[in-house]
Amino acid sequence: MTLVAIAGLVALNLLLLAAGSGVLWATCGWDSWLELARLAGVAYLAGVATVGVLLVLELTAGIPFGLTAILVTALAVLAVGIVLGRAFGRRRPPRRGGTATALSGPALVHGVGIALAVLYLEAQFRAARLAGLYEWDAMAFWVPKAKAIYYFGGLDQQFFSSLPGPSYPPLVPALDASAFTFMGATDPITLHLMFWFLLVGYLAAVAGLLATRVRSLALWLPLLLVALSPVLIDHGVASLADLLLDYFIGLAALLFALWLLEKRRWQLTLGGIFMTSAFLTKREGLLLGAVLLASLAIAACWKRRRDWRAVVLVAALAVVAPLIWRVWLNARGISTGGPEAGYLGSIHHLDRVWPCLKLTLRVLFAGDSWLIAPPLFVVAIGTALAARVRELALLAGSFFVLATLACAWVIVSFPSMPITTNASANPIVRLSGGLVVPMAGLMPLLLDAAWRTLEGQARPAARRRLVALRSRPLAWGIVAVATLAYPLAALAGGAPRFPSLRDCARPATHDGKIQLVLATFDSSVPADAMLARVRKLGFVQAQVFGDGCGRVKVAVPGYTTLAGARDALAEAEGAGLHAELQQG
Amino acid sequence: MSEAKRDPAGGASPSWRRSSTRVGIAVSLLVMAVTVLVQLPRALKNLGDRATRSSSFTYEDRAFAAGNSIIPDKQLLYEAKAWIPARGSYRVEVGPRPVTGAMPLTRYAGLFATYYLMPRRPSPDARWALCLGCDPGSLASHVTTLWSDHNGSSLLRIDG
């Protein structure tokens with residue numbers, strides 16, 4: 001809850017950005033520093049994915065967790081990235097200039113899109129900063145597992161076998177534990193900001209990847225639509241693994257889609273990295289990842305049958321890390337999880353199939369969880385099909401159908417799970433995020449690819465570029481105003497507070513309610529003993545109070561003037577007590 | 001569709017495809033723009049209200065968060081933190097006796113204690129016991145009550 005904790009989180013996330021920049025340099029490089037800035041979101045999440053996977057592998061190998069392990073891992077990723085980049089012939093861009101790629105579409109639309117996203121993210125930051133840990137799964141096992149890694153330096157057998165969800169891979173707990181390490185304490189409140197950074201990273205990654213490829217309107221509207229969905233508003237900074245899994249699946253889906261269109265190897269490589277980290281984020285990652293790979297295989301083999309080999313290679317490499325985790329679970333006799341009815345047990349519960357499918361479709365199409373993103377995604381697929389953008393439409397369509405069936409199958413295979421949208425009884429809303437969050441990247445591609453087929457009637461590219469150049473200062477002005485407007489409006493209501501234990505012991509500085517605090521303890525037992533002692537000394541009005549921060553104080557309340565309270569203070573000091581005056 | 005409107009490749013005619021594409025794109029972008037413009041102010045208000053609510057909580061309420069609906073008396077866990085050494089272990093005993101302030105979720109007290117009291121470890125034969133409506137006599141022959149709120153919550157030390 002302090003500035004130091006926030007500064008620690010910023011440092012950790014800069015470290016992850018640096019590590020991810022190494023990954024980006026090795027896989028695709030960049031032509032200018034502006035291009036690196038544009039792809040910062042991709043670099044950051046690549047850092048989260050790579051460092052996260054390596055930390056999980058280190059934990060399973062028994063390497064002690066701590067600041068050294070985090071620093072060495074992140075810096076090793078950066079160093080290996082630099083070396084590989086050189087080996088692949090990447091050249092350092094000039095300090096200024098370089099061949100920066102122009103943004104696609106008017107800069108003004110980009111400016112408005114960035115401004116709205118910044119406003120929204122600032123509001124999310126403000127809501128996250130002092131949020132308590134109310135998410136049940138976070139309290140029940142995600143954060144306790146992170147605390148166990150932080151306190152015991154590894155995968156403590158007792159906690160990792162007895163806490164709920166023992167088979168969930170520890171990528172998110174490892175990231176949370178890294179956050180605790182950099183914050184200097186197990187602060188579950190400030191931890192929400194770690195998830196805010198991840199949300200920023202995802203929006204920035206999608207925008208960065210698509211800003212030069214798709215028209216600005218087709219980019220920002222779907223991205224904002226998904227970001228503003230009720231699920232993301234309510235749970236965007238929750239200390240859970242669901243959204244991080246959705247971000248990884250979303251980026252893998254977007255990179256695979258780009259690979260279908262452009263056939264660049266780095267897109268498949270980076271997509272594979274995000275796929276691996278999705279496998280290690282949650283058990284559901286395996287299901288969603290398999291669905292995505294199947295969709296990619298269908299789309300890739302549509303025209304060029306040979307492409308299936310690349311898809312199989314990515315799948316084979318991505319599955320190695322989760323296999324290691326499974327081996328670790330087996331070696332310690334911990335259940336590897338799986339559906340309640342068994343993987344094939346759903347056939348005994350066929351009566352649940354239609355109700356579960358209906359439930360999934362209701363969550364997707366009713367609008368109270370994801371607004372109108374899923375219906376518009378279907379429209380975008382139809383539009384792409386009409387425009388004969390078949391590969392992309394096939395990828396998106398197969399993913400939509402298979403992921404919908406997969407979500408329904410999860411609910412079918414847990415027969416004791418009631419068929420309801422109530423989040424405390426059924427995870428369908430969170431599960432559907434793996435289907436909807438990737439739409440933020442796929443929908444712009446579908447719409448833009450369809451739009452391109454109408455190119456003959458569009459404005460000439462040269463004129464579009466001219467518009468962009470002219471409107472650039474205005475675009476930056478809009479971004480600057482939006483960036484400053486929210487903090488200034490929030491500051492008008494008072495300076496930000498950083499609650500600490502000191503807040504419960506405010507020194508008396510003016511007349512009003514004043515207490516003479518004679519002693520403060522962590523437990524009420526010594527406080528009771530002290531109360532008896534001070535009453536014998538003549539402070540018969542003394543009482544024991546909770547101080548509001550978990551401590552117990554022995555105090556005499558009821559003073560209204562500072563002068564009167566100071567007389568009592570002198571009396572207490574005369575009796576050998578280390579007393580103080582506090583407001584309240 | 002009549003044969004005249006089909007293109008040589010066997011699909012729909014180019015003009016039909018172009019019109020559907022144009023309509024699909026226009027409708028999608030228009031609906032998205034309206035939704036975003038309606039939803040953004042709602043989101044900002046919702047998040048602003050949440051920030052104000054979080055800010056108004058006391059340090060204790062914020063630190064306990066979900067625990068506020070599980071633990072009847074927060075002082076029990078504060079006492080446990082103060083008494084049980086960081087490397088110590090404890091058990092949570094939820095018994096049949098009435099506990100003032102108990103809620104339906106109080107049965108998850110053990111889960112919350114695991115989260116809140118770490119690095120202290122839960123253990124079925126621990127020397128320290130967090131008692132919620134339990135019968136101390138049923139735990140051992142020598143039990144010392146270190147703290148009690150006299151409403152059903154107490155911290156016990158099992159001496160033998």
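Rules used in this analysis
Here, residues in each chain are numbered from 1, in the same order as that chain's written sequence. To label them, take the chains in the order written and letter them from A, then take the ligands in the order written and number them from 1. Local features in this predicted model are restricted to residues of pLDDT 70 or higher, and side-chain atom pairs are both shown and tallied only at a pLDDT of 80 or more, whereas totals for entire chains, interfaces and linings draw on every residue. Each side-chain value is derived from all of the structure's non-hydrogen atoms; neither hydrogens nor water enter the calculation. Side-chain rings of Phe, Tyr and Trp, where Trp is taken by its six-membered ring, are said to pair if the distance between their centres is within 6.5 Å; with planes under 30 degrees apart they count as stacked, over 60 as edge-to-face, and otherwise as tilted. Numbered from the N terminus, helices here are DSSP runs of H or I no shorter than four residues, and strands are runs of E no shorter than two. Working definition: with a 1.4 Å probe on protein chains only, accessible area under 20% of the residue-type maximum means buried, over 50% means exposed, and in between means partly exposed. When the NZ atom of lysine or the CZ atom of arginine is within 6 Å of a ring's centre and also within 35 degrees of its normal, the charge is said to sit over that ring. Patch construction takes residues with relative accessible area above 30% that form no salt bridge. Like charges are linked within 9 Å, and nonpolar side chains (Val, Leu, Ile, Met, Phe, Trp, Tyr) are linked within 5 Å. We get accessible surface area from the Shrake-Rupley algorithm with a probe of 1.4 Å; when it comes to residues, only the shown protein chains can shield them. Here a salt bridge means any side-chain nitrogen of Lys or Arg lying within 4 Å of a carboxyl oxygen belonging to Asp or Glu. DSSP-based pairing: two strands are paired if at least 2 bridges between them are found. Buried Ala, Val, Leu, Ile, Met, Phe, Trp, Tyr and Cys residues that are joined via side-chain atoms within 4.5 Å together make up what is termed a nonpolar core. When checking whether two residues touch, look at their non-hydrogen atoms; a contact exists if any pair is within 4.5 Å. As a per-residue measure, pLDDT tells how confident the predictor is, with possible values from 0 to 100. Each of two parts loses accessible area, computed with a 1.4 Å probe, when they are put together; buried area is these two losses added. Cysteine sulfur pairs qualify as disulfides if the two atoms are within 2.5 Å.

Q: Please provide a residue-by-residue account of the packing of aromatic side chains, values included.
A: Overall, the coordinates contain 22 aromatic pairs over all chains when judged by the stated rule. Pairing W136 of chain A with Y108 of chain B gives two aromatic rings, centres 5.1 Å apart and planes at 75°, and the pair type is edge-to-face. Of the two residues, W136 of chain A sits in helix α6 (residues 136-152) while Y108 of chain B sits in the loop between β1 (89-94) and α4 (109-117), which places them in two different chains. A ring pair is formed by F112 of chain B and Y115 of chain B, whose centres lie 5.5 Å apart and whose planes are at 55°; its orientation type is tilted. On the criterion of helical spacing, the pair formed by F112 of chain B and Y115 of chain B is a turn pair, its members being three residues apart in helix α4. As far as burial versus exposure is concerned, F112 of chain B and Y115 of chain B are alike and both buried. The rings of F64, Y78, F112, Y115 and Y116 of chain B are connected pair by pair, giving a single aromatic cluster. One residue, K74 of chain B, lies across the ring of F64 of chain B, its end atom 5.8 Å from the ring centre. When the ring centre of W128 of chain B is taken as reference, the NZ or CZ atom of R127 of chain B above it lies at 5.5 Å.

Q: Account for a nonpolar patch on the surface, with residues named and values stated.
A: A cluster of nonpolar side chains, contributed by L67, L71 and L75 of chain A, occupies part of the molecular surface with about 240 Å² of accessible area. One can find L75 of chain A in helix α4 (residues 67-87).

Q: I'd like a rundown of the pairing of strand β4 (residues 143-148) of chain B, residues and numbers included.
A: Residues and elements named next belong to chain B. Pairing between β4 and strand β5 (residues 153-158): five bridges, direction antiparallel. Paired with T145 across the strands is L156, a residue of β5. Between β4 and β5, which pair antiparallel one after the other, the connecting turn spans four residues, and H150 there sits at a positive phi close to 60°.

Q: Let's hear about the nonpolar core: which residues, and what values?
A: Among the nonpolar cores identified, the biggest contains 216 residues, and Y120 and F274 of chain A are the most heavily contacted of them. Looking at this core, the element that brings in the most residues is helix α12 (residues 242-262) of chain A, giving 16 residues. Aside from chain neighbours lying at most four places away, what touches Y120 of chain A is A227, L228, L232 and I233 of chain A together with L40, A43, L44 and L47 of chain B. The next biggest cluster of nonpolar side chains, apart from the first, holds 22 residues, and it includes L516, L531, V534 and V554 of chain A.

Q: Describe in detail the confidence of the model for chain B, supporting the description with residues and values.
A: All names here are of chain B. Overall, the prediction assigns chain B a mean pLDDT of 86, with 91% of residues at 70 or greater. Within chain B, the element-level pLDDT minimum falls on helix α2 (residues 59-64), averaging 84, and the maximum on strand β2 (residues 121-122), averaging 95. Overall, residues 1-5 carries pLDDT values under 50, and its contacts beyond four positions in sequence, including any with other chains, amount to six contacts. Across the assembled chains, the prediction reports ipTM 0.89 with pTM 0.90.

Q: Give a description of the interface of chain B and chain A that names residues and reports values.
A: Taken together, the contact between chain B and chain A spans 58 residues of the former and 68 residues of the latter. A combined buried area of about 5,500 Å² lies between chain B and chain A, and 70% of that area is made up of carbon and sulfur atoms. Linking chain B to chain A there are two salt bridges. R50 of chain B is the partner of D234 of chain A in a salt bridge, and the nearest nitrogen-oxygen pair spans 3.4 Å.

Q: Please give an account of the state of the cysteines that cites residues and values.
A: Taken as a whole and assessed by the stated rule, the structure comprises one disulfide over all chains. Sulfur-sulfur distance for the disulfide between C131 of chain B and C134 of chain B comes to 2.0 Å. Classification of the bridge connecting C131 of chain B and C134 of chain B rests on its S-S torsion, roughly -125°, and on that basis the disulfide is left-handed. According to the relative accessible area criterion, C134 of chain B is buried, its value standing at 6%. Here C407 of chain A is not cross-linked by a disulfide; its sulfur's nearest cysteine counterpart is in C356 of chain A, at 11 Å. For C407 of chain A, a relative accessible area of 2% translates into the label buried.

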